[in-house]
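# Residue-level structure breakdown
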Amino acid sequence: MMVRNLKQTKAVRRNRLKKQKQPLPWRQLLARLFRATVFCASAVFVVVGAILAGRLLLVSGYFSVTSVRVENQQRLQQDEVLALSDIAEGSNIFELDLDMIGRKIEENPWVASARVERVFPDEVVIRLEERQPKAIIHLGYLYYVDGGGEIFKMLDAGDRLDYPLISGLDRQLLLDKPDQTQVLLQGALGLLAQLEERHVFGIDQVSELRIDPQEGITLYTYRSGVPVRFGQNGYSTKLDRLERIYRELEPRMAAIDYIDLNVVERVIVKLDSQRNNGRG
């Protein structure tokens, strides 16, 4: 048994000695290395060239701001918006912080949002969304309020006054109970929005909406200042009932003490012959 194993071992060794070592493919390896080197060098040259070309363009003034365009402005003048943006002519268009510029413009109370965009190679576009007043609210001072319930600007000399007045709320209630106040304000704005769509008794017949947290909304007519009690909900149905008889009531508004719409399917009209005809 031992002899047989020794013979097999010697045979394996002789076979190994007979095998010849294969030469390495140097030519193919060198060719591959050369191609890889050329590829890397070309990539480096392309990247470096692009960087140098970009720097040359920046230095040359090709991307310097030559025009700032303002779109969608209605109340604000273009010069006002440009002053707020603080974009200097000749500034590099890539160095502008567009978000910061937009926030600066939005500091103006008339601006709801300002979107600033680059238009290559040398123009900047500012797209505005301006606030639209829906009413004036009395909070110690007079303020504009938009359709979303945002109280955004105290009135100055020269501001328009031909908007319905919202009264009954005070600054302290707004500070102490902002959510409740916003609900009440949204109710008044919702009623105004419906009045804008009416033709018989519409927004032009309204001078004031008074809000009471318990009693709801009382509207005062532009003509003679007649109180119209709307309460807290169902404004559309109540307006329908009022419009059905308003043409008959309109000539006698000076003799009406109040109109109450809070009774289902009825319009209560309280007449007062002694009422001051000069009211309103």
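About the thresholds
Residues numbered from 1 in each chain as written. Predicted model: local features only at pLDDT ≥ 70, side-chain atom pairs only at ≥ 80, totals over all residues. Heavy atoms only, no water. Core = buried A, V, L, I, M, F, W, Y, C linked by side-chain atoms within 4.5 Å. Buried < 20%, exposed > 50% of the residue type's maximum accessible area, 1.4 Å probe, protein only. Helix = DSSP H or I, 4+ residues; strand = E, 2+ residues; numbered from the N terminus. Contact = heavy atoms within 4.5 Å. Pairing = 2+ DSSP bridges. Axes fitted to C-alpha atoms, helices over the stretch in contact; angles between N-to-C directions.

This paragraph deals with the nonpolar core. In globular proteins that are soluble, nonpolar side chains generally tend to be buried together. Judged by nonpolar contacts, the single largest core of 33 residues is most densely connected at Ile 166, Leu 191 and Leu 219. When contributions to this core are tallied by element, the ones reaching two or more residues are β4 (133-139), β5 (141-146), α6 (178-196), β8 (206-212), β9 (216-221), β10 (227-231), α7 (235-249) and β11 (256-260). The greatest single-element share of this core, amounting to seven residues, is contributed by α6. Contact partners of Leu 191, with chain neighbours within four places excluded, come to Leu 209, Ile 217, Leu 219, Phe 230, Tyr 235 and Leu 239.

For the rest of this paragraph, the subject is unusual backbone geometry. Cis rather than trans, the peptide bond between Phe 120 and Pro 121 has omega equal to 10 degrees. Relative to the assigned elements, Pro 121 resides in the loop between β2 (111-119) and β3 (123-130). The backbone of Asn 72 shows a phi angle near 75 degrees, a positive value even though the residue is not glycine. Within the element layout of this structure, Asn 72 appears in the loop between β1 (67-71) and α3 (78-85).

The strand order across the open sheet formed by three strands is β1-β3-β2, and the pairing between neighbours is mixed. Each edge of the open sheet is held by one strand with a lone partner, namely β1 and β2. Each neighbouring strand pair of the sheet contributes to a mean axis angle of 20 degrees, computed without reference to strand direction. Direction of pairing for β2 relative to β3: antiparallel, over a ladder of eight bridges. For Val 116, the partnering residue across the bridge sits in β3 and is Ile 126. Against the sheet, helix α4 (residues 98-105) touches β2 and β3, its axis set at about 150 degrees to β2.

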